[in-house]
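For reference, the chains in residue letters:
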Amino acid sequence: MTARGLDGIRVVEMGQMVAAPWTAKLLADLGADVIKVEPPQGDRARHRGPFPPGNSNASGMGGLFAAINTNKRSVVADLAHPEDRTALHELLAGADVFIHDLAPRTAAELGLSAESLRAQHPSLVTISVTPFGQTGPYAHWRAEELQVIHGGGWGWLTPGCVHNAELPPLKPHGHQAAFQSGFAAACVALAAVDRAQRTGHGEHIDFAQMSYVIGMLEAAFISWSYMGENPSRLGARILNPWGMFPATDGHIFVVCVEADQWERLKDFMGRPEWADMAIFDTVESRFENEDLLRMWLGEWIATQSVTELFHRGQRERLAFAPVNTVAQMAADPHLAARDFLVTYDQPGLGSITVPGAPSRLTKPWWSIRRPAPALGEHDGAGFEAERGAAATPPGVAAKTDRPLDGVTVADFSWVWAGPYCTLHLAHLGATVIKIESAARPDLGRRLPTQSAHHEPTLDTNGYFNQYGQGKKSITIDMGTAEGRALAKRLALECDVVVSNYATGVMDEWGLCYEALAAERPDVIVGAISGYGHHGPYKSYMGYGPTTGPLSGLASMTGYPGGGAEELGVSLGDPAAGIATAYALVAALVARRRTGEGQFIDTSMWEATTACTAEGWMEWVLRGTQPAPMGNSDPLWSPHNLYRCAGNDDWVAICCVDEDEWAALAALTGIDPADERFHTAADRKANEPELDKVIGAWTRDRDQWDVTELLQTVGVPAFPSLSVRSLEENPHLAARGLIERLDHPVVGQMSHVGIPWLLADGTNGVQAPAPTLGQHTHEVLTEVLGLSNAEIAHLRKTGALR
């Protein structure tokens, strides 16, 4: 049998719907032995669908559940019964990781609080993945994906570039907050497991989904804290052109991030007279005249075909991308060449094809070894896998502070995807050394997000200072032979190497995986790119904004009756970044056992598509492309955003069971005998009328008053928040999410910090983002052991620019 990276890791999962189950699946897919403990009625996702035509939810095998619960076994436990609680603790006694989404009161009532678990299972790593975390003013509030998206500020930004203020903030299709939280939770849990196996000390990780979403808002939060601007779904993009346009045979997306790309686009169009007008010469003027630019560019694109623009444009290094449907992705030759889609037999659903691993791995750890289980299919089962490296008894090995203390990372990345990946490694305690150069500074230092309170320099950019937190900076000019040799020496000295330059750049510098592995076979390399490092599109230009259209999410997101819309943030960047971080930490865990390295090839397109399970299964099982449905849900009603008193104030409300509905109806005065709303099916069938009734009740009330009234009676509700309101939010303050460390140049500006809390490790960001080259001498002397004379020579050659 093929050895896998997480062989011997034993996991107990108690999770509902997406976030916690996805966390567990990510571990299972790389070899961990996962037992899913379900209540007698099963995981709610079992009954959600989508289902094949003629197949009811009585089968307990809906498409969403099937997609995110492969490689697990299911046992049923009614934890109201003492004997089932005893059986659970017997499983936990043999487990390395416990993943759950229990609310704080429920966990305490079941004897599964952090304190109780630490006392009974001192070497166990527990991670709770909940909407608001286990502590803070909102810890006991109820929330679904709708509330997390809007409470975390993502909905406020979505879809972007809306000119009609009557259209509400928007939830991206599916469960994107839950999927991204799951990736991060898997990364953090694995890092804690690595420490536990080395030291015998377990950990309790309190992961808050709302906090995680706030940290992936691109430039939104720092636009407020650095510039005093409060971004929303309204208005225009800073960078232009940017957007989706109708072509002769579909829709195409295009973005020009740098000035040379705009010049190439003008050449590509044949230099039309309008494109050379002075009003489009600069980033600022294109922003000011975005409406004219969009009109004229749209007129030209309307005469072109999607396929022609995509492939011919990419040959000219232009970031065109098709706005795909699921069917188009299923037939795409690039995804086929990369074996991204996998087919397996799922009992109850037949042969199905689903998105595969979020990253390609040189050592093929990822596979679907077993289909999603029937409810209780493995009752009475224990762990099958022989346990991995035995944990050192508590107290024998020295306890480290953060899980990745002692791990070093050579960070050859820029802008967002790569820096987002290494930010998480820094949060976990790794020493992240960013290799950059004044000769070509990180675009993150050059974007139009400079502090309004300081003279602009490469050290005053909020974008860089957000995603550079906790890192060290060394300047190396990769244009010199001496610089490239020095960079390679540093890479070989580090445990992990990360890059997200265009495919081929690291090869040109002699820093590709093959070159490094030839000198250090156990090297771990993570490479992020738009389309991956092999396949027919490997040289295509990809940015985070292109992946919403490419992945099919844009075609599923939008207002009812409207067309495709963007996702509010450039999702491909954080999706690929956190997927790579999770795989890198898994590789570290594996290397301690096997001594082997790993190459992780992450495509932003694939990492995003991996999170489209519900929409993808709608097409697989029913043959239909999901249509945009605003903030509504395929099954639950009510499930929407409702206008409140105030200027553009909204509240997200939903009911997912009859108890919640009864509480909402009683509070709002809805007649329980009203036949339009009697059953869940009735409420869904009469959703427009129901939304009007609820909207009339909220319209003259404050959004926080509505939230507190509904939460008091147990109904999920939360305001749709902007970044301005997030900075001073009391719950976030109580959890220490907003960091104001003293930066050498900008001082104490607000940044988003760490979305999880450790029970046994130090919390909070370790240091502000570095100034350019701040740690050059420190790294050269302490990491590489160079003398002052050697450093002086490198400066003389120009290698340290």
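Check the entry above for the structure.
Cut-offs used in this document
Counting from 1, residues in each chain are numbered in the order their sequence is written. Since the coordinates come from a predicted model, pLDDT governs what is reported: local features require at least 70, and pairs of side-chain atoms require 80 or more to be given and counted, while whole-chain, interface and lining totals use all residues. As a convention, hydrogens and water are excluded, and side-chain values are obtained from all of the structure's heavy atoms. We count a stretch as a helix when DSSP gives it H or I for four or more residues in a row; a strand needs E for two or more, and each element gets its number in order from the N terminus. Accessible area is worked out with a 1.4 Å probe on protein chains only. A residue is then buried under 20% of its type maximum, exposed over 50%, and partly exposed in between. Residues count as neighbours in contact if any of their non-hydrogen atoms are within 4.5 Å of one another. Values of accessible area rely on a 1.4 Å probe in the Shrake-Rupley scheme; residue burial ignores everything except the protein chains shown. When charges are counted, Lys and Arg are positive and Asp and Glu negative, with His and the chain ends excluded. The atoms used to mark charge sites are NZ of Lys, CZ of Arg, CG of Asp and CD of Glu. Throughout, the arc means that of the directions going from the helix axis to the C-beta atoms. Nitrogen and oxygen atoms within 3.5 Å of one another constitute a polar contact, given that in protein one can donate a hydrogen and the other can accept it, and given that sequence-neighbouring residues count only through two side-chain atoms. At least two DSSP bridges between two strands are needed for those strands to be called paired. Axis definition: a line fitted to C-alpha atoms, over the contacting stretch in the case of helices. Angles run 0 to 180 degrees between N-to-C directions. Crossovers are marked right-handed if the path from the first strand over the helix to the second runs clockwise, as seen with the strands pointing away from the viewer. Salt bridges are defined as contacts in which a side-chain nitrogen from Lys or Arg sits within 4 Å of a carboxyl oxygen from Asp or Glu.

Enquirer: I would appreciate a short explanation of the overall build of the protein in the present structure.
Expert: When helices and strands are tallied, the protein shows 34 helices and 24 strands. For the protein, the C-alpha atoms occupy an extent of roughly 80 × 70 × 50 Å along the three principal directions. Looking at the 801 residues of the protein, the share that counts as buried comes to 63%. In the protein, once contacts between residues fewer than 6 apart in sequence are set aside, the share between residues at least 24 apart is 77%. Of the roughly 27,200 Å² of accessible surface on the protein, 52% is carried by carbon and sulfur atoms. Side-chain charges of the protein comprise 62 positive and 94 negative groups, with the mean position of each set lying 4 Å from the other.

Enquirer: Looking at this structure, how should I read the environment of Val496?
Expert: Looking at where Val496 falls in the secondary structure, it is placed in strand S16 (residues 496-499). Apart from residues lying up to four places away in sequence, Val496 is in contact with Thr408, Val409, Ala410, Ile524, Leu584 and Leu588.

Enquirer: Explanation requested: helix H30 (residues 703-712) in the structure shown.
Expert: Structurally, the α-helix is built with 3.6 residues per turn, so residues lying three or four positions apart point the same way. For H30, every residue scored as buried is listed here: Gln703, Val706, Thr707, Leu710 and Gln711. The buried residues of H30 occupy one face: seen down the axis, they fall within an arc of 120 degrees. Residues of H30 that are buried in the fold lie against strand S20 (650-654), helix H27 (658-668), helix H29 (687-698) and strand S21 (717-719). Between the side-chain oxygen at the start of H30 and the backbone nitrogen of Trp704 there is a gap of 2.8 Å, and the oxygen is on Asp702. Gly714 lies just past H30 and shows a positive phi near 90 degrees.

Enquirer: What is the right way to look at the sheet that holds strand S3 (residues 72-76) in this model?
Expert: Across a sheet, strands are paired by hydrogen bonds formed along the backbone, either parallel or antiparallel in direction. Pairing is mixed in the open sheet, where 7 strands are placed in the order S3-S2-S1-S4-S5-S6-S24. Across the chains shown, the open sheet's two edge strands, defined by having one partner strand only, are S3 and strand S24 (756-758). Averaged over all adjacent pairs, the angle separating strand axes in this sheet is 20 degrees, with direction ignored. In this structure, strand S2 (residues 33-38) lies alongside S3, joined through 5 bridges in parallel fashion.

Enquirer: Honestly, the pairing of strand S15 (residues 472-475) in this entry has me stumped. Any pointers?
Expert: Along any regular strand, the residues point their side chains to alternate faces of the sheet. The sheet contact formed by strand S14 (residues 431-436) and S15 spans 4 bridges and is parallel. By the bridge assignment for S15, Glu436 is matched with Thr475. A crossover links S14 with its parallel partner S15, the connecting element being helix H18 (residues 462-467), and its sense is right-handed.

Enquirer: Before we go on, may I ask you to explain the pattern of salt bridges in this structure?
Expert: Working definition: two side chains of opposite charge can pair if their charged atoms are close together. Counted according to the given criterion, the structure contains 48 salt bridges. The closest approach of N and O atoms between Asp411 and Lys471, which form a salt bridge, is 3.8 Å. Note that Asp411 is positioned in strand S13 (residues 408-412) and Lys471 in the loop between H18 and S15, a separation of 60 residues in sequence. The burial state of Asp411 is the same as that of Lys471; both residues are buried. As a salt-bridge pair, Asp442 and Lys434 come within 3.0 Å of each other at their nearest N and O atoms. In terms of burial, Asp442 and Lys434 fall into one category: buried.

Such coordinate-based values are descriptive only and should not be taken to indicate function.
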